[in-house]
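Secondary and tertiary structure notes
So the chains spell out like this:
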Amino acid sequence: MAFTKDDFKSKIEEIQSQSWYKNPIGFGIARVDRGQLNPEKVLQATYPVMNWEENYGSAAVFLNALKEAGVEVDTSKSELVATVSDVFLTSCIEVFRPYIPEAKGAEHKNVQVISQLASLPIDSGFTAEDYKVVFIFEDEAPQSAETVYLKLYALSTGKAKLRGLNLNGAFGQLENCAWVGNQPIELDWLRENEIALKLSGKYPSITKVDKFPQFLDHVIPADNTRILDTNKVRMGAQLAAGTTVMPGAAYINFNAGTEGAVMVEGRISSSAKVGKGSDVGGGASILGVLSGTDGVPVTIGDNTLLGANSCTGTSIADGCILDAGVTILPGTKITLSEKAVAALKEINPDKEIKELMRGMDFQGVNGVHFRQNSVTGQIIAMRSTREVKLNEDLH
Amino acid sequence: MAFTKDDFKSKIEEIQSQSWYKNPIGFGIARVDRGQLNPEKVLQATYPVMNWEENYGSAAVFLNALKEAGVEVDTSKSELVATVSDVFLTSCIEVFRPYIPEAKGAEHKNVQVISQLASLPIDSGFTAEDYKVVFIFEDEAPQSAETVYLKLYALSTGKAKLRGLNLNGAFGQLENCAWVGNQPIELDWLRENEIALKLSGKYPSITKVDKFPQFLDHVIPADNTRILDTNKVRMGAQLAAGTTVMPGAAYINFNAGTEGAVMVEGRISSSAKVGKGSDVGGGASILGVLSGTDGVPVTIGDNTLLGANSCTGTSIADGCILDAGVTILPGTKITLSEKAVAALKEINPDKEIKELMRGMDFQGVNGVHFRQNSVTGQIIAMRSTREVKLNEDLH
Amino acid sequence: MAFTKDDFKSKIEEIQSQSWYKNPIGFGIARVDRGQLNPEKVLQATYPVMNWEENYGSAAVFLNALKEAGVEVDTSKSELVATVSDVFLTSCIEVFRPYIPEAKGAEHKNVQVISQLASLPIDSGFTAEDYKVVFIFEDEAPQSAETVYLKLYALSTGKAKLRGLNLNGAFGQLENCAWVGNQPIELDWLRENEIALKLSGKYPSITKVDKFPQFLDHVIPADNTRILDTNKVRMGAQLAAGTTVMPGAAYINFNAGTEGAVMVEGRISSSAKVGKGSDVGGGASILGVLSGTDGVPVTIGDNTLLGANSCTGTSIADGCILDAGVTILPGTKITLSEKAVAALKEINPDKEIKELMRGMDFQGVNGVHFRQNSVTGQIIAMRSTREVKLNEDLH
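Cut-offs and rules
- Residues numbered from 1 in each chain as written.
- Chains lettered and ligands numbered in written order.
- Predicted model: local features only at pLDDT ≥ 70, side-chain atom pairs only at ≥ 80, totals over all residues.
- Heavy atoms only, no water.
- Helix = DSSP H or I, 4+ residues; strand = E, 2+ residues; numbered from the N terminus.
- Buried < 20%, exposed > 50% of the residue type's maximum accessible area, 1.4 Å probe, protein only.
- Contact = heavy atoms within 4.5 Å.
- Phe/Tyr/Trp six-rings, centres within 6.5 Å; stacked < 30°, edge-to-face > 60°.
- Lys NZ or Arg CZ within 6 Å of the ring centre and 35° of its normal.
- Pairing = 2+ DSSP bridges.
- Buried area = accessible area lost by both parts, 1.4 Å probe.
- Salt bridge = Lys/Arg side-chain N within 4 Å of Asp/Glu carboxyl O.
- Polar contact = N/O pair within 3.5 Å; in protein donor to acceptor, adjacent residues only side chain to side chain.
- Nonpolar A, V, L, I, M, F, W, Y, C, P; charged D, E, K, R; others polar.
- Least-squares fit on C-alpha atoms with pLDDT ≥ 70 in both.
- pLDDT = per-residue confidence, 0-100.
- Axes fitted to C-alpha atoms, helices over the stretch in contact; angles between N-to-C directions.
- Parallel < 35°, antiparallel > 145°, perpendicular 65-115°, else oblique.
- Left-handed = near helix turned anticlockwise from the far one by under 90°.
- Domains from an automatic or database assignment.

Chain A is annotated in an unreviewed UniProt entry as 2,3,4,5-tetrahydropyridine-2,6-carboxylate N-succinyltransferase from Arcobacter arenosus.

This is the structure we're talking about:
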């Protein structure tokens, strides 16, 4: 049993050297909301601490404790979901013991989770069944609501890259629920209780019906990040520090988001991402892979302005301007003057710039200003006035 | 008195054969929220069960019980709103008695309402004045908040057809209130109590100010329907099963909605409807009858795509595509190539297809792709690549 | 000491004649929400009553009471924020005494504030530190959260004109918080308590993260004003009576709003304003001074229609129509026919109307219909069919 930090390290090494052991990609302990009628259904999984390619010592402690609690631990599978038990907690506490006194604030958060779980009051309203130990060993299609949530956490905390995780079939693992803020309710439970609830004035104020919760139900953003309406950002979205999401037409779907401080007044559809210093204008639409963009996810570069009510279905590079109200789809024919061709070639020496290009031809072409000539109706491209910061690795 | 189901049937026949009796269009028992300052004002009516062209046996029981309770029942008027009383409840229970034991779950919901009303605890906070028996005998302009709500329920539960009900003057029957979720508060009550509430930290979190509640305050959607932000769907909207309403720029007003599974990321204005398999793209606008469409309500057919930030003020048929960012109003001049005319004639043999058409000329024309030529600025129409399922009744 | 109303008037005159005294621009007593971790941080200031260029008698009573309570009152500074104390309250009550019996409803609201503060129960959960007496003497850049809020109240109650106040640096005086409805929470407090809150099922339902609250958290709108989603209107916005804000893509930022009954289904960005009888269509964007309008705030006149998904970055006058989907920026070239020039000159005799104009040239030009010719793609202007009510002062 581990009583000193050295003992702890020896114990971890011993566990990690065993043949069954494998470092997980991600893991954590979740409190789950289960169905009011069907307690076997997991409606939501809430992770106080989520580990992603980190904290392998704690992973070893948890996996070892699960084995001691009699759980079958098969690390050759892509994931593992097990119920917390007293034996599991006792085993973790024995190994974590030297760290318990200093497990406060930002220190030893997995130890804090175990300590607090072990000291939850009996009348908390929760049972052991409400807490799950969750591991992902391979990034395959998730097989449970708990691992879908673990991946959404990885995206929303910025620990995994946008578009970097296998989310195939994720929708199928989640229940469609009515939500009262961050509390999910089975639709069938509402149906069974509708008459009694309505007559007694206790029918709940449903805030939405969906399979996903919101980003702010689970993730605390950076100090300089602002989300003016929680409904505008789905869990699984990623917002770099300094991003502001306004409450008009904005929306950021899961597996989409920003890579730096971005002003978001428009839609960032699933799989789309926007670079630092860019501005998604009021009502601007960045199309997702399922919405007319031929399966190629759209990337907006750094320091680019998408004007109000503009729409883009193809990637746009750094330092560009898409004028308010202008739409650029992959197949849109765009006309350039001789002067525009020359000016764009100057800052994009490696790109082919011609007098007639398609929207999709502008991938990686920096400093473009897309406009509609208001006298001829023609969609044109010219050199933008936005600053383009050259990629230092290339020049 | 009815003690067997046969007795019940005889009783119903006896009531229905009386000269004063008339089958209602719709009826139900509502719990009403009344003004905090002016209890005569009905701020909201909540129906645990709403009957529309159905359950005439229960209607007969209710009407008979009202007469026994001394209420003047005049079925020659368009509607009736009466307060629940002990005599009313007792009369209903006597007739419903053979059904009370089996009135559970989805069975005999009107009987459940009566049973639960009769057994409401004295300290429920409600009085008989808070429950109303409501009937609509003729679809005329509603004369009360209770019947406005009954009609909104009929629309939102899909029991009445969109555009099928007389809602003239409905706004005038509803009070503009502050809402805290599903609880309405008189604005005057807030004004009278503002100082005390604010100083004591009890000023409520107002979620909106409007005459209408939200769809989700009253209606439980189908299992595969999703509404990602309750504010996006007003009570009185109709959402067919499988419809998804996203939280960006989407909105569905009352007396508007979908007729099949539809992805809604744009606006469906009052009186507009969208067919099954269609997609209302991010920020797309379908105009309502009061917003520039010459009073002709707009219908979007099946399997049609309205691109992001597109706008339509005229009906569009099945299997069409309106490109992202393109606007088609009734008077918009649209140019077709010879090839486009031929291709569209092929699948629309009964329609007049010409080389220059107005937006309004496309009503009933299937398989059209509306685009703006990005070289000439011209709005054009051609044969779309969307599948058009031919109407089997016509071919 | 004042015991009669005459005594009160004498007392006020005496105070106001003293050399240190100065009438404030605005003042009021606020209850402040302070940081859960850092009680020195003011997260929100709530004014039960806000005075703006009015009620100088109450101002004199408050300033005199602050001096009697030992607060340094320096009216040569731009603002004053002091904590409420027993001495302050006692002094105010003595002078207000003749008005206390009649201080009810709409009468003597500042007296009501003092009375209620003096009688707050000891177990209210608040201390004297939670109440601040706040004065603005000069309209300079605000130096405190309390005076930022006082100015936002002045704008949102319509007592100060839009664009009429110095809000420089206002953002810097406000804390970015998580909000649960109208309750602000420090992000650091959430971080410190995340594990315990999540494990115990008590993690709050965050409704937004921002520096500003919403309009409806502080201001009661007129009876005929409607805001269908509280997130759509930021504190500091101004909504004239009769304005309706729909829940689709609408948004009204602080220091922006309406000057009469306006239907708002689009975005009114910071510093923009819209005249009476106008209609901001679904998804329409009115750009703000920081979004591509060259620093000139945009004004929309009376009785003007901005069509769905239109966008304007320059002022548009009375009785105009901007067609759905059309964008007019300051530099947009707009073509007019001879007939259009003549028709517009007729109702705009003092304006220069030409066959080719820029968007910015239409400032003050009434009765214009902006369209895109769907055959040529050209942006054109013609005489609108909207009624233009002539300015009676000019004709």
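Of the regular secondary structure elements, chain A holds 8 helices and 26 strands. C-alpha atoms of chain A, sized along the principal axes, occupy 75 × 60 × 35 Å. Looking at chain A residue by residue over its 395 residues, the buried ones come to 59%. Considering only contacts in chain A between residues 6 or more positions apart, those separated by 24 or more positions represent 53%.

All told, the structure shown has 42 aromatic pairs over all chains when counted by the stated rule. Consider the rings of B:F62 and B:F96, whose centres lie 6.1 Å apart with planes at 75°: the pair is edge-to-face. You can see B:F62 sitting in helix α2 (residues 56–68) and its partner B:F96 sitting in helix α3 (residues 86–96), a full 34 residues away along the chain. Of the aromatic side chains, those joined through ring pairs into one cluster are A:F8, A:F27, A:F62, A:F88, A:F96, A:Y99, A:F135 and A:F137. Here the basic side chain of B:K67 rests over the ring of B:W20, its NZ or CZ set 4.6 Å away from the ring centre.

Attention now moves to the sheet that holds strand β17 (residues 285–286) of chain A. Residues and elements named next belong to chain A. As summarised here, the arrangement of the 5 strands in space is β11-β14-β17-β20-β22, forming an open sheet in which the pairing is parallel. Edge strands, defined here as strands with exactly one partner in the open sheet, are β11 (251–252) and β22 (327–328). Where strand β14 (residues 267–268) and β17 come together, 2 bridges link them in parallel fashion. Pairing of I268 across the sheet is with I286, part of β17.

Attention now moves to the interface of chain B and chain C. Residue-level contacts link 48 residues of chain B with 49 residues of chain C. Of the roughly 3,600 Å² buried between chain B and chain C, counting both surfaces, carbon and sulfur atoms make up 53%. The largest contributions to the chain B side of the interface with chain C come from B:I195, B:K198 and B:L199, which together make up 22% of the buried area. Linking chain B with chain C are 2 salt bridges, by the criterion used here. Of the charged contacts, one joins C:D223 and B:R191 as a salt bridge, the two residues approaching to 3.0 Å between their closest N and O atoms. If you look at where chain B meets chain C, you find 26 residue pairs in polar contact (both at pLDDT 80 or more). When residues of the side of chain B that touches chain C are traced back to their parent elements, those giving at least two are α7 (187–199) and β8 (208–210) of chain B. Classifying every residue of the side of chain B that touches chain C gives 18 nonpolar, 19 polar and 11 charged.

Another aspect to go through is the relation of the copies chain A and chain B. Of the transformation superimposing chain A on chain B, the axial component is 0.0 Å and the angular component is 120°, with the fit at an RMSD of 0.0 Å. Interpreted geometrically, this transformation is the action of a three-fold axis.

Here we come to the confidence of the model for chain A. On average, chain A scores 95 in pLDDT, and the residues at 70 or more come to 96%. Scored below 50 in pLDDT, residues 391–395 of chain A shows 1 contact in the model against residues more than four places distant or in partner chains.

This brings us to the environment of C:L152. All names here are of chain C. Note on placement: L152 falls in helix α5 (residues 145–156). We classify L152 as buried; its relative accessible area is 1%. Sequence separation between L152 and K351 is 199 residues; the distance between their C-alpha atoms is 36 Å.

With that settled, the discussion passes to the pattern of salt bridges. Under the defined criterion, the tally for this structure stands at 51 salt bridges over all chains. A salt bridge links C:E129 to C:R34, with the shortest nitrogen-to-oxygen separation between them at 3.9 Å. Of the two residues, C:E129 sits in the loop between α4 (109–118) and β5 (131–136) while C:R34 sits in strand β1 (residues 26–34), which places them 95 residues apart along the sequence. Taking relative accessible area as the criterion, C:E129 reaches 39% and is therefore assigned partly exposed. Through salt bridges that share partners, A:R34, A:E129, A:D130 and A:K132 make up one connected network.

The next thing to look at is the packing of helix α3 (residues 86–96) of chain C against α4(C). Residue and element names in this part refer to chain C. Put simply, α3 and α4 touch, their axes get as near as 10 Å, and they point 130° apart. Judged by the angle between their axes, α3 and α4 are oblique. Relative to α4, α3 is oriented so that their crossing is left-handed. Residues F88, L89, C92, I93 and F96 of α3 pack against N110, V111, I114, L117 and A118 of α4. For the contact of α3 with α4, the per-class residue count stands at 9 nonpolar, 1 polar and no charged.

Looking now at the environment of C:A324. With respect to the helices and strands, the residue C:A324 is situated in the loop between β21 (321–322) and β22 (327–328). Along the chain, C:A324 and C:E129 lie 195 residues apart, while their C-alpha atoms are 53 Å from each other.

Take the interface of chain A and chain B next. The interface of chain A with chain B comprises 48 residues on the first partner and 49 residues on the second. Interface area, chain A with chain B, both sides summed: about 3,600 Å², of which 53% is carbon and sulfur. When the buried area of chain A at its contact with chain B is split by residue, A:I195, A:K198 and A:L199 rank highest and sum to 21% of it. Along the contact surface separating chain A from chain B lie 2 salt bridges.

This next bit is on unusual backbone geometry. For A:S271, which is not glycine, the phi dihedral falls at a positive 85°. In this structure A:S271 comes out as buried when scored by relative accessible area, which is 7%. If you check the backbone angles, C:E53 has positive phi at about 55° while not being a glycine. Mapped onto the elements, C:E53 comes out in the loop between β3 (50–52) and α2 (56–68).

Among the structural elements, B:T327 can be located in strand β22 (residues 327–328). Relative accessible area serves as the criterion here: at 13%, B:T327 is assigned to the buried category. Discounting chain neighbours no more than four positions away, the residues touching B:T327 are B:C311, B:T332, C:A324 and C:G325.

This part takes up the pairing of strand β7 (residues 183–186) of chain C. Looking down a regular strand, the side chains alternate between one sheet face and the other. Residue and element names in this part refer to chain C. The sheet contact formed by strand β6 (residues 177–180) and β7 spans 4 bridges and is antiparallel. Within β7, the residue paired with W179 across the bridge is P184. Where β6 folds back onto β7 in an antiparallel hairpin, the turn is made up of 2 residues, including G181, whose phi is positive at roughly 60°.

It is worth spelling out the environment of A:Q372 at this point. Along the chain, A:Q372 turns up in strand β25 (residues 368–372). Along the backbone, A:Q372 and A:G313 are 59 residues apart, and their C-alpha atoms lie at a distance of 17 Å. In this structure A:Q372 touches A:V326, A:G377, A:Q378, A:I379, B:Q372 and C:Q372, once residues within four positions along its chain are discounted. Within the local environment of A:Q372, its side chain forms a polar contact with the backbone oxygen of A:G377, the two atoms lying 2.8 Å apart.

A few words on the domain arrangement of chain A. Residue and element names in this part refer to chain A. Taken domain by domain, chain A consists of domain 1 (5–173), domain 2 (176–213) and domain 3 (215–383). Placing the centre of domain 1 and that of domain 2 at their C-alpha centroids yields a distance of 29 Å. Facing 12 residues of domain 1, the contacting portion of domain 2 comprises 13 residues. Between domain 1 and domain 2, a total of about 1,100 Å² is buried, with carbon and sulfur atoms accounting for 60% of that surface. Contact with domain 2 buries surface across domain 1, with Q36, L37 and F171 losing the most and accounting together for 47% of the total. Counting across the interface, domain 1 meets domain 2 through 0 salt bridges. Along the contact surface separating domain 1 from domain 2 lie 6 residue pairs in polar contact (both at pLDDT 80 or more). Only β2 (42–46), α5 (145–156) and α6 (170–173) provide two or more residues apiece to the side of domain 1 that touches domain 2. In terms of residue class, the side of domain 1 that touches domain 2 is built from 5 nonpolar, 5 polar and 2 charged.

Sheet architecture is open: 5 strands sit in the order β11-β14-β17-β20-β22 (chain C), paired in parallel fashion. The two strands at the open ends of the sheet, each matched to only one other strand, are β11 (251–252) and β22 of chain C.

Turning to the side chain of A:T46, a few remarks are in order. Relative to the elements of secondary structure, A:T46 occurs in strand β2. When near neighbours in sequence (up to four residues on either side) are disregarded, A:T46 contacts A:I29, A:A30, A:R31, A:Y153, A:H218 and C:K198.

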